[in-house]
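# Secondary and tertiary structure notes
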Amino acid sequence: MKILVCIKQVPDSAQIRVHPVTNTIMRQGVPTIINPYDLFSLEEALRLRDRFGGEVSVLTMGPPMAAESLRKALAIGADRAILLTDRFFAGSDTLATTYALAQAIRKVERDYGAQDIVFAGKQTIDGDTAQVGPGIAKRLDLLQLTYVAKIEACDPEKREIVVERRAEGGVQVLATRLPCLITMLEGANEVRRGAIDDSLRAARAEIVTWSAKDAEIEDISKCGLRGSPTIVKKVFAPTPRSERAAFVEPATSGGDSAEAVIGAIFARQPSLEEDMAKLARGF
Amino acid sequence: MSDTPPPAPTQSRAGAKKELPEHFRAYKHVWVFVELERGAVHPVSWELLGAGRKLADKLGVELAGVVLGAPGDATRAALAEAFCYGADLAYLIEDPILADYRNEPYAKALTQLVNAHKPEILLLGATTLGRDLAGSVATSLLTGLTADCTELAVDADGSLAATRPTFGGSLLCTIYTLNYRPQMATVRPRVMLTPSRDEKREGRIVPFAVDLDEDKIITKIIKFIPDRESSKTNLAFADVVVAGGLGLQSAENFQLIRNLAAALGAEFGGSRPLTQKGWIGADRQIGQTGKTIRPKLYIAAGISGAVQHRVGVEGADCIVAINTDKNAPIFDFAHIGIVTDAIRLLPALTEAFCKRLSPHHRDRLAG
Ligand SMILES: Cc1cc2nc3c(=O)[nH]c(=O)nc-3n(C[C@H](O)[C@H](O)[C@H](O)COP(=O)(O)OP(=O)(O)OC[C@H]3O[C@@H](n4cnc5c(N)ncnc54)[C@H](O)[C@@H]3O)c2cc1C
Ligand SMILES: Nc1ncnc2c1ncn2[C@@H]1O[C@H](COP(=O)(O)O)[C@@H](O)[C@H]1O
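From a predicted model like this one, the values you see are computed outputs, not experimental measurements.

### Examining the overall build of chain B
Looking only at helices and strands, chain B features 10 helices and 18 strands. Against the compact-globule benchmark of 21 Å for 367 residues, chain B has a radius of gyration of 23 Å, which places it among compact chains. Expressed as lengths along the three principal axes of its C-alpha atoms, the size of chain B is roughly 65 × 50 × 45 Å. Expressed as a percentage of its 367 residues, the buried residues of chain B come to 60%. Across chain B, the fraction of contacts at a sequence separation of at least 24, relative to all contacts at a separation of at least 6, is 68%. Approximately 14,300 Å² of chain B is accessible, and the part contributed by carbon and sulfur atoms is 52%. Both charge centroids of chain B, one from 41 positive and one from 41 negative side chains, sit 4 Å from each other.

See below:
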């Protein structure tokens, strides 16, 4: 099977800091990681390859330093890495991103053969939109399976696949045809560490690097800021509430403190007492 | 959104808003996608009708609900409810193929409806269904889609200003869809208030025919396995929520939160590090990447109150924070605070609440 996985390099955003005065993002020194959700998709791709043979390509669009994340994906076990990088892509929103990625996937298919499955992450931790996967599917006319908890069956010969998909209030078991686009749910599998020889190979591997021109993306007006229907007009910090909490002085005994807290709650919200009494009695 | 541009150069593009191309001027009215799945409407749809009503009133246009479903009572009921929650009209696409959600027929139907009736604004819930559908439809329409908004407004020249958390939730940003229609946005459940329901409100039903053919739909539903009742949490809709954070120091101490919640008939939850450590399940996480809650009372013990947590709880009527650090950010948005050791206070609180809320105590008060 030929499988392509879209990954994104993201800041390890738990460590993002906002400059207290200028309110700008301090990116310097923030370590980057492969978007954690993408790893579940990569793992699933590798499992299918291990089962049916074939190859897994990873693709990312980003600045030259995103090559690091591709190398990590190779070390985990991917066979080929492609970096789509060009200043024309800067400032892409999800629509422009899906245009560039879909064009690049077409180029991958011209150079390396038709892909049976394209995987994307469920969502990123920085953009956090969950739109890029469905967008790529639509642009490439691929059947779309999002929030997949499990691939139940896959038959590359018959071109069939059966998955469990998380829906509101339950799980849908869906059967569809290859080629398709899948986004995996977090925790769907345990991501492998990667073999020693893979990491040795990764360190020296060639990263296929494409500019917009290399990827034969002709319509630059659909890329980057120009190709983005949405624009960010303003970035701001959440406004603090005008008053801080009303503080209850802790008493020497826990019991007295507790009563003081409860007193403060019901003084502020008198109707709560009746509601809570009912709730506590199981109504 | 991905690779958010720096604010400076975008400012000038924002200035170019009025150049809406001629063919987009026909786009009018505000639409809300009513998420009907397996006979039930997701409550986020009513919340969106509440938000959509305000936008429509400000723009002086109509508010429409969009109902897709199989012919039958559930679909009819969804239409009637949409009117009760504020819709002036409802577009109806009825077909047995739409009984269960599948991307192919739903995306096709909604895209055709938009192209035919041209809304200015289209809102969907940021649920698994809504996100799956919105991403496809926006791409087909080649328009902008702003995900997971926390605030929607109409600015002076009538554009939709959609505000959402960015950079991992540490900041907010306001996004416009320039020069494209419709302007699309998704909003997470419980972020907007449920509007009051007006039993007597009625509206017009506008049926819309889409040519759907089961033979041409490739994806088939083999079966649907409903979640077990016991594994469902009602966190998002609970009136009282008790939550713990890393300040509780151990999984054992988290039992104190469960005890208090059980005594109150409340739901319990926690901050993200607790789900990462496995102290609680992922469906109990509260905050930006977990659940948004709107309880009458929220008690947070040993939670620092990071922005990502804050955005999930701000809608609570009364937030009580227990934290040993008087400078913890949670005290900036809690209504009532106490600077003390939660591990000591929680058992006392459980006991005192039981006493106060017991029928016996209350009879005595009444007598
Ligand atoms: C992209 C992204 C998404 C995120 N999404 C979420 C989310 O959805 N929900 C979420 O909660 N977080 C989320 N976070 C994480 C968030 O930034 C914080 O790291 C997290 O909320 C902190 O959890 P905490 O308050 O339990 O722990 P800490 O920040 O470590 O705070 C512990 C608090 O306990 C207090 N304390 C210590 N001992 C005691 C005691 N004995 N009694 C009382 N108080 C005590 C301390 O003073 C401290 O204030 C997200 C982060 C990122 C980057
Ligand atoms: N720049 C990018 N390069 C490659 N894949 C991407 C990129 N942006 C998003 N994706 C993929 O789309 C998924 C969803 O992203 P998002 O819509 O930003 O939440 C990610 O998990 C990736 O698999």
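Picking up after the structure, the text goes on.
### Description of the side chain of B:Arg310
You can see B:Arg310 is positioned in helix H8 (residues 307-313). A polar atom in the side chain of B:Arg310 sits 2.6 Å from the side chain of B:Glu314.

### Topic: the site of ligand 2
Residue and element names in this part refer to chain A. For ligand 2, the set of nearby residues contains 18 residues, the closest of which are Cys-6, Asp-38, Gly-121, Thr-124 and Thr-129. Note that an oxygen atom of ligand 2 is positioned 2.5 Å from one of the side-chain N or O atoms of Asp-38. At 2.9 Å, a backbone N or O of Met-61 approaches a nitrogen atom of ligand 2. Taken by itself ligand 2 offers 480 Å² of open surface, and the protein chains cover 100% of this. Its atoms largely coinciding with the cavity grid, ligand 2 occupies the largest cavity. When contributions to the shell around ligand 2 are tallied by element, the ones reaching two or more residues are strand S6 (55-61) and strand S8 (117-121). Among the elements that line the shell around ligand 2, the one with the most residues is S6, at three residues. Residue classes in the shell around ligand 2 are distributed as eight nonpolar, seven polar and three charged.

Parameters and conventions
Residues numbered from 1 in each chain as written. Chains lettered and ligands numbered in written order. Predicted model: local features only at pLDDT ≥ 70, side-chain atom pairs only at ≥ 80, totals over all residues. Heavy atoms only, no water. Helix = DSSP H or I, 4+ residues; strand = E, 2+ residues; numbered from the N terminus. Rg over C-alpha atoms; globule rule 2.2 N^0.38 Å. Buried < 20%, exposed > 50% of the residue type's maximum accessible area, 1.4 Å probe, protein only. Contact = heavy atoms within 4.5 Å. Areas by Shrake-Rupley, 256 points an atom, 1.4 Å probe, with all protein chains shown as cover. Lys, Arg positive; Asp, Glu negative; His and termini not counted. Charge placed at Lys NZ, Arg CZ, Asp CG, Glu CD. Polar contact = N/O pair within 3.5 Å; in protein donor to acceptor, adjacent residues only side chain to side chain. Near = heavy atom within 4 Å. 1 Å grid on protein atoms, 1.4 Å probe; cavity = no way out; pocket = protein on both sides within 12 Å on 5 of 7 lines; lining within 4 Å. Sits in = over half its atoms within 2 Å of the grid points. Nonpolar A, V, L, I, M, F, W, Y, C, P; charged D, E, K, R; others polar.

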